[in-house]
Amino acid sequence: MTPTNTPAEHETSLRRFIGQTAIITGSAKGIGRACALRFAQEGANVACLDVDEQANLATVEACRRYGAQALALRCDVTRMQDVQGAVDATMQQWGRIDVLVTAAGIYTGGLLSEVTLEQWQRVLAVNLTGVFVCNKLIAPLMAGCCGGSIINISSMSGKTSWPGTHEYSASKSGVIGLTHSVAMEMAPYSVTVNAVCPGNTRTELVMQAARQNAPRDGITPEEWLARRANDCPMKRLAEPWEIAGLCAFLASEDARYITGQAIEIDGGMVLS
Ligand SMILES: NC(=O)c1ccc[n+]([C@@H]2O[C@H](COP(=O)([O-])OP(=O)(O)OC[C@H]3O[C@@H](n4cnc5c(N)ncnc54)[C@H](O)[C@@H]3O)[C@@H](O)[C@H]2O)c1
């Protein structure tokens with residue numbers, strides 16, 4: 001697809017989350033799946049929330065192969081009752097939630113003249129309202145128990161922008177604003193709240209962006225991806241496990257004093 005000098009899979013010998021519970025949204029694929037596997041490897045119980053039930057079951061099976069306990073929970077993050085049901089099931093199973101990673105997300109794009117109101121509302125619903133609902137329902141449980149870590153997946157598009165990414169950029173900037181506010185409210189309760197802002201990462205979502213945007217530039221999706229890799233100072237896309245590694249760090253003891261940050265993990269893209 002594009003040049004890379006990193007392996008597609010990554011294993012760690014760290015075991016920082018034994019006895020803890022992590023909830024991951026968007027766990028069926030991409031960055032969410034990589035996060036579920038990372039927390040499973042590191043000893044956490046993992047609740048996997050996604051609308052894609054079949055792919056989510058595969059994630060859960062992969063988590064169990066690391067010896068972790070894992071639950072597959074069908075959940076549309078735009079529906080408060082779905083998220084509440086998943087939170088209840090997780091609490092019933094393990095009695096605590098220590099980590100939340102909100103990775104469920106979608107991408108659409110188009111020039112201002114092309115973006116429909118429905119498209120705008122759908123992207124905001126999944127990428128921003130979905131994050132709000134998860135934070136709203138889970139942060140108080142962490143605050144009332146042992147503290148915890150919330151990691152909201154934003155994007156480099158939340159920090160900067162390009163033509164044709166209106167609704168996506170708006171949703172991702174919104175995640176950063178929400179993260180700041182929840183972080184301030186939760187700080188006295190030892191709940192850290194940070195946003196992670198990935199650059200182009202090798203997942204289905206970025207493939208969809210390639211398919212959507214390539215025709216506008218008169219090139220193939222593969223060429224579009226190669227250009228995105230070339231735009232990046234590190235000359236490659238990110239791998240999902242690299243994003244998961246940052247999420248695990250933010251949930252670890254080493255990051256207990258980091259809150260309210262929106263951390264770029266983009267090979268230098270935003271800076272460039
Ligand atoms: N891939 C990138 O280049 C990139 C860059 C920056 C930020 N991100 C963000 O990272 C997150 C994960 O993206 P990815 O690249 O892994 O995408 P992906 O398409 O590989 O995975 C997204 C997952 O979210 C799930 N999902 C979609 N709508 C949902 C809903 N309403 N409720 C529950 N689950 C839902 C999908 O079923 C899928 O499993 C997204 O928020 C995305 O915006 C991705």
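Calculation criteria
- Residues numbered from 1 in each chain as written.
- Predicted model: local features only at pLDDT ≥ 70, side-chain atom pairs only at ≥ 80, totals over all residues.
- Helix = DSSP H or I, 4+ residues; strand = E, 2+ residues; numbered from the N terminus.
- Rg over C-alpha atoms; globule rule 2.2 N^0.38 Å.
- Contact = placed C-beta atoms within 7 Å.
- Domains from an automatic or database assignment.
- Nonpolar A, V, L, I, M, F, W, Y, C, P; charged D, E, K, R; others polar.
- Near = placed C-beta within 6 Å.
- Pairing = 2+ DSSP bridges.
- Axes fitted to C-alpha atoms, helices over the stretch in contact; angles between N-to-C directions.
- Buried ≥ 20, exposed ≤ 12 C-beta atoms within 10 Å, placed from the backbone.
- Right-handed = clockwise from strand over helix to strand, strands pointing away.
- Parallel < 35°, antiparallel > 145°, perpendicular 65-115°, else oblique.
- Left-handed = near helix turned anticlockwise from the far one by under 90°.
- Expected span 1.5 Å × (residues − 1).
- Core = buried A, V, L, I, M, F, W, Y, C linked by C-beta atoms within 7 Å.

Helix and strand counts for the chain stand at 8 helices and 7 strands. Over its C-alpha atoms the chain spans a radius of gyration of 18 Å, differing by no more than 12% from the 19 Å that the globule rule assigns to 272 residues. Projected onto the principal axes, the alpha-carbon positions of the chain cover approximately 55 × 40 × 35 Å. In the chain, the proportion of contacts linking residues at least 24 apart, taken out of those at least 6 apart, comes to 74%.

Once that is clear, we can look at the domain arrangement of the chain. Here the chain is partitioned into domain 1 (21-199 + 239-264) and domain 2 (200-237). In this structure, domain 1 and domain 2 have C-alpha centres spaced 24 Å apart. A per-class count over the side of domain 1 that touches domain 2 returns 5 nonpolar, 5 polar and 2 charged.

Here we come to the site of the ligand. Contacts to the ligand come from 30 residues, most closely from G26, G30, G105, T203 and L205. Elements that contribute at least two residues to the shell around the ligand include exactly α1 (30-41), α4 (117-143) and α6 (204-217). When its residues are assigned to classes, the shell around the ligand shows 13 nonpolar, 12 polar and 5 charged. Two domains each provide a minimum of three residues to the shell around the ligand, namely domain 1 (21-199 + 239-264) and domain 2 (200-237).

With parallel pairing, 7 strands are arranged side by side in an open sheet as β3-β2-β1-β4-β5-β6-β7. Strand pairing shows two members of the sheet lacking a second neighbour, β3 (70-74) and β7 (262-265), which therefore form its edges. On average, each strand axis in the sheet is inclined to that of its neighbour by 20°, with strand direction left out of account. In this structure, strand β1 (residues 21-25) lies alongside strand β2 (residues 45-50), joined through 5 bridges in parallel fashion.

Turning our eyes to something else, we now look at the pairing of β2. β2 sits mainly inside the fold: 6 of its 6 residues count as buried. Burial along β2 is two-sided: N45, A47 and L49 and V46, C48 and D50, pointing in opposite directions, are all buried. Crossover handedness for the path β1 to α1 to β2: right-handed. Relative to β3, β2 runs parallel, the two being bridged by 5 bridges. Paired with V46 across the strands is A70, a residue of β3. In the classification by handedness, the crossover that spans β2, the intervening helix α2 (residues 53-65) and the parallel β3 is right-handed.

Okay, the environment of Q54 next. Position of Q54 among the secondary structure elements: in helix α2. The exposure class assigned to Q54 is exposed, which follows from the 9 C-beta atoms found within 10 Å. Taking the C-alpha atoms as reference points, Q54 and A72, separated by 18 residues in sequence, lie 9.5 Å from one another.

At S190, a residue that is not glycine, the phi angle is positive and equals roughly 60°. Along the chain, S190 turns up in the loop between α5 (166-186) and β6 (191-198). Assessed through the 15 C-beta atoms surrounding it within 10 Å, S190 is described here as partly exposed. Phi at K235 takes a positive value of approximately 60°, unusual for a residue other than glycine. As for its position among the elements, K235 is in the loop between α7 (221-231) and α8 (240-251).

The N-to-C vectors of α4 and α5 enclose an angle of 15°; their axes lie 9 Å apart at closest approach. Taken together, the axes of α4 and α5 are roughly parallel relative to one another. For the pair α4 and α5, the crossing hand works out as right-handed. Each of Q119, W120, V123, L124, N127, L128, V131, F132, N135, A139 and A143 in α4 lies in contact with α5, whose residues at this interface are E167, Y168, A170, S171, K172, G174, V175, L178, V182 and M186.

So, on to α1. Each full turn of the α-helix corresponds to 3.6 residues, which orients residues three or four apart in the same direction. Between its first and last C-alpha atoms α1 spans 17 Å; for 12 residues at 1.5 Å apiece the expected length is 16 Å, and the two agree. Where burial is concerned, most of α1 is hidden: 12 out of the 12 residues are buried. Looking at α1, one finds that the buried residues are G30, I31, G32, R33, A34, C35, A36, L37, R38, F39, A40 and Q41. Once α1 finishes, G43 follows within two positions and takes phi at roughly 100°, a positive value.

So, about the nonpolar core. Formed by 78 residues in total, the largest nonpolar core has its most connected members in I24, C35, F39, V46, C48, V101 and C247. When residues of this core are assigned to domains, at least three map to each of domain 1 (21-199 + 239-264) and domain 2 (200-237). Setting aside residues up to four positions removed in sequence, C48 forms contacts with I24, S27, A36, N56, T59, V60, A70, L71, A72 and L73.

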